[in-house]
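Structural overview for review
Residue-level listing of the chains:
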Amino acid sequence: MCGIFAYLGPKSNSAQIVLEGLKKLEYRGYDSWGIACRRDSGEIVIEKHTGKISDVSSLKKELTEEPAHIAIGHSRWATHGGVTDMNAHPHASEEKEIVIAHNGILENYESLKKDLIEKGHKFVSETDTEVFAHLIQENIGEGFEQAFKIALSKGAGRYALIAISKNEEKILAARRGSPLIVGTGSDEYFIASDIPAFLKYTKKVMYLDDDQMVSLAKDGITFTDLKTDKKIEKRTIIIDWDEKSAEKGEFKHFMLKEIMEQKMTLTRAINQDEEKILEVAQAIKTAYGTYIVGCGTAGKVGMVGTYLFSHIAQKHINFMFGSEFSSFLPFMKDKSLMIAISQSGETADTLEAIEEAKKKGVKIVSIVNVETSTMARISDIVIPIKAGPEKAVASTKATTSQLAILTLLAYACAGKLDEGKRLLVATASQINDMLNPRYENYIREIAEKIQNVESMYIIGKDLNYPIAMESAIKLQEVSYIHAEGFAGGELKHGPIALISKGTPCIAIVANDETKAGIISNATEIKARGGYIIGVSPENNSVFDFWIKVPDAGMASPIVSIIPIQILAYQLAVLRQNNPDMPRNLAKSVTVK
Ligand code: F6R
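Residues numbered from 1 in each chain as written. Predicted model: local features only at pLDDT ≥ 70, side-chain atom pairs only at ≥ 80, totals over all residues. Heavy atoms only, no water.

The environment of the ligand is made up of 15 residues, and the closest members are S342, Q343, S344, T347 and E477. At 2.7 Å from an oxygen atom of the ligand is found a main-chain nitrogen or oxygen belonging to Q343. In this structure, an oxygen atom belonging to the ligand sits 2.5 Å away from a side-chain N or O atom of E477. Protein contacts shield 90% of the accessible area of the ligand, which totals 410 Å² for the unbound molecule. (Near = heavy atom within 4 Å. Polar contact = N/O pair within 3.5 Å; in protein donor to acceptor, adjacent residues only side chain to side chain. Areas by Shrake-Rupley, 256 points an atom, 1.4 Å probe, with all protein chains shown as cover.)

In structure tokens form, the structure reads like this:
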């Protein structure tokens, strides 16, 4: 949610470097973008616009005509203030003496702004961010670094902030809740919300933790703990990321590439450190209550987890969305266990739930994709899903890998880890047969048929009830068709009133004891004129269109969601939406 990137080093085309790097962060926000560079004369020049940075091939000549060794940039997901050029970052104080970019929310900006206006500061945007620029300016008499610290001490909320000054050749940055990573090259420094921004230049990184700041200058790098105001040492970590894995390659969109990658990613997820899976299973067995927490798609995966543990290990597990967690905090004891699920490992609502639980002494297990994320770093045990970079906003390959890990854990809890592994290995091989152009074209046929509908519904039961809800998320976010997922049995208690002639309804039908019930729900919909798309291992006379999936037993959620991911993708393309960057969304939701 908002991407930040900055460069300081020997290259004099810093604005161009930031432009290229920011393009790799566009998944974090694509309402507007902006770059500021500090010319060697000290003058700071800014260019900012609404729209996507990926469409930009060159910068205004003011940013490139003179040597500039320092630049900062930002791609925005709007929170405070509409999507306008003026509200785009970077923001500046009067005379552009201080220029900043910011990811997150400055919660007390209204009172700070009022105070600054009374002191004579003139604001030009509607953003919370601009307050920081004026706040630093207000105290600049104390020196750039001290003024930056004063501004941070006055600001409330979760954010990452970078600032440059007309008068000093340095970049200052701080984090409290939103990610910031420093990359170090030879005599040059990068700082970004995510590693792909600078992966082309260096794989050496240092992580900023909460309430820490960093100063990047020609003569070196200094980290400070903002609570104690003491200098701190940071470990350099070498990232083993491959730049190519974060590229689209032969695919038109990341979303399709990532759907297709599930051939490999599921196998990688299954190939876990067995000792760790058994350790977590043991922790679940002995915990005073286990609570799964996640948001959005990761939340739906967590809900599937409650069914998996019930069926496979006869164990009751609780689930809450990160944003709803605080209501259940009183039940958490120091012997409770939290399992946090997240692709990015940076989702603010999930992080906040972890932080609250940690205060009560709860042990934290996280199932994450980004192994270097905040979540991974603050957890007691990390189970990496190893899906590789997921760039499309809609989660696909991370989803099936997270499902696989929960399936393994449930089997391990029941003392049947080998059985679970065998099931998942067989499922991975069936997925391999499924993900081919023929299957994709077949699903395109139904996408063409329903591309102009206004609403569609998805029903599922048991393990596939949360998958019906996850299907709705996929369809909503990229096709913009109104979609809702229900437990099949719930339909007759209200939502069936929404069905009219031709309303598409996807019925997810597993080949198990739930089949009769969900087929009967589909029949009820058909009787009201609904058009039934069955996702099932076997055809049925109630289906108007059948999408075949393997018969995968407890892995049914994994195989059932894949054709719906493909359908959502096809619908997005047919409706001329960009599936990688759906409107109003961002990949990593680092605000509450
Ligand atoms: C939907 C989607 C989101 C995320 C949610 C949590 O396709 O991707 O609903 O699942 O924002 O994100 P992570 O998994 O990064 O915590």
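Before going further, it helps to examine the sheet that holds strand β23 (residues 504-508). With respect to topology, five strands assemble into an open sheet ordered β22-β21-β23-β24-β25, the strand pairing being parallel. Unpaired on one side and paired on the other, β22 (482-487) and β25 (545-548) mark the two borders of the sheet. On average, adjacent strands in this sheet sit at an angle of 20 degrees to one another, irrespective of strand direction. Across five bridges, the pairing between β23 and strand β24 (residues 531-536) is parallel. When the bridges of β24 are listed, I506 appears paired with I533. On top of the sheet, helix α16 (residues 515-527) reaches β21 (455-460), β23 and β24; it is set at about 155 degrees to β21, its chief contact. (Pairing = 2+ DSSP bridges. Helix = DSSP H or I, 4+ residues; strand = E, 2+ residues; numbered from the N terminus. Axes fitted to C-alpha atoms, helices over the stretch in contact; angles between N-to-C directions. Contact = heavy atoms within 4.5 Å.)

Below, the discussion takes up helix α15 (residues 464-479). Side chains of residues three or four places apart in an α-helix project in the same direction, reflecting 3.6 residues per turn. In this model, α15 (16 residues) spans 21 Å end to end at C-alpha, consistent with the 22 Å of a helix rising 1.5 Å per residue. Immediately downstream of α15, the backbone of Y480 shows phi near 60 degrees, a positive value. (Expected span 1.5 Å × (residues − 1).)

Taken as a whole and assessed by the stated rule, the structure comprises 25 salt bridges. E66 is the salt-bridge partner of R39, the closest N and O atoms lying 3.6 Å from each other. In this pair, R39 sits in strand β2 (residues 32-39) while E66 sits in the loop between α2 (61-64) and β4 (68-76), placing the two residues 27 residues apart along the sequence. Classification of R39 by relative accessible area gives buried; the value is 6%. Looking at E66, the relative accessible area reads 33%, which means it is partly exposed. Linking E356 and K359 is a salt bridge whose minimum nitrogen-to-oxygen distance equals 3.1 Å. Pair noted here: E356 and K359 are both in helix α10 (residues 348-359), with a separation of three residues, about one helical turn. Judged by its relative accessible area of 27%, E356 falls in the partly exposed class. (Salt bridge = Lys/Arg side-chain N within 4 Å of Asp/Glu carboxyl O. Buried < 20%, exposed > 50% of the residue type's maximum accessible area, 1.4 Å probe, protein only.)

Turning to the domain arrangement of the protein, a few remarks are in order. In terms of domain boundaries, the protein breaks down into domain 1 (3-238) and domain 2 (264-574). Computed from C-alpha coordinates alone, the two centres of domain 1 and domain 2 are separated by 37 Å. Across the boundary between the two partners, domain 1 contributes twelve residues, which contact ten residues of domain 2. Each partner contributes to the roughly 900 Å² buried at the junction of domain 1 and domain 2, and carbon and sulfur atoms together form 46% of this total. It is Y27, R158 and Y207 in domain 1 that bury the most area against domain 2; as a group they hold 52% of the surface buried on that side. Across the contact surface, domain 1 and domain 2 share two salt bridges. The residue R377 makes a salt bridge to D209 at a minimum N-O spacing of 2.4 Å. (Domains from an automatic or database assignment. Buried area = accessible area lost by both parts, 1.4 Å probe.)

We now examine the packing of helix α8 (residues 274-286) against helix α13 (residues 417-434). How two helices pack is summed up by the angle between their axes together with the distance between the axes. Packing of α8 against α13 leaves a shortest axis separation of 12 Å and a crossing angle of 120 degrees. As summarised for this structure, α8 and α13 are arranged oblique, according to the angle between their axes. The chirality of how α8 crosses α13 is right-handed. Side by side, α8 and α13 meet where E274, I277 and L278 of the first sit next to L417, D418 and K421 of the second. Here the contact of α8 with α13 is built from residues that sort into three nonpolar, no polar and three charged. (Parallel < 35°, antiparallel > 145°, perpendicular 65-115°, else oblique. Left-handed = near helix turned anticlockwise from the far one by under 90°. Nonpolar A, V, L, I, M, F, W, Y, C, P; charged D, E, K, R; others polar.)

The next point concerns unusual backbone geometry. Residue P90 is bonded to the preceding H89 through a cis peptide linkage, with omega at 0 degrees. A positive phi is found at Q314, a non-glycine position, where the angle reads about 45 degrees. Of note, Q314 is situated in the loop between α9 (296-313) and β17 (318-321). One non-glycine residue, Q576, lies in the positive phi region at around 60 degrees. Mapped onto the elements of the fold, Q576 is located in the segment after α17 (556-574). You can call Q576 exposed: its relative accessible area is 73%.

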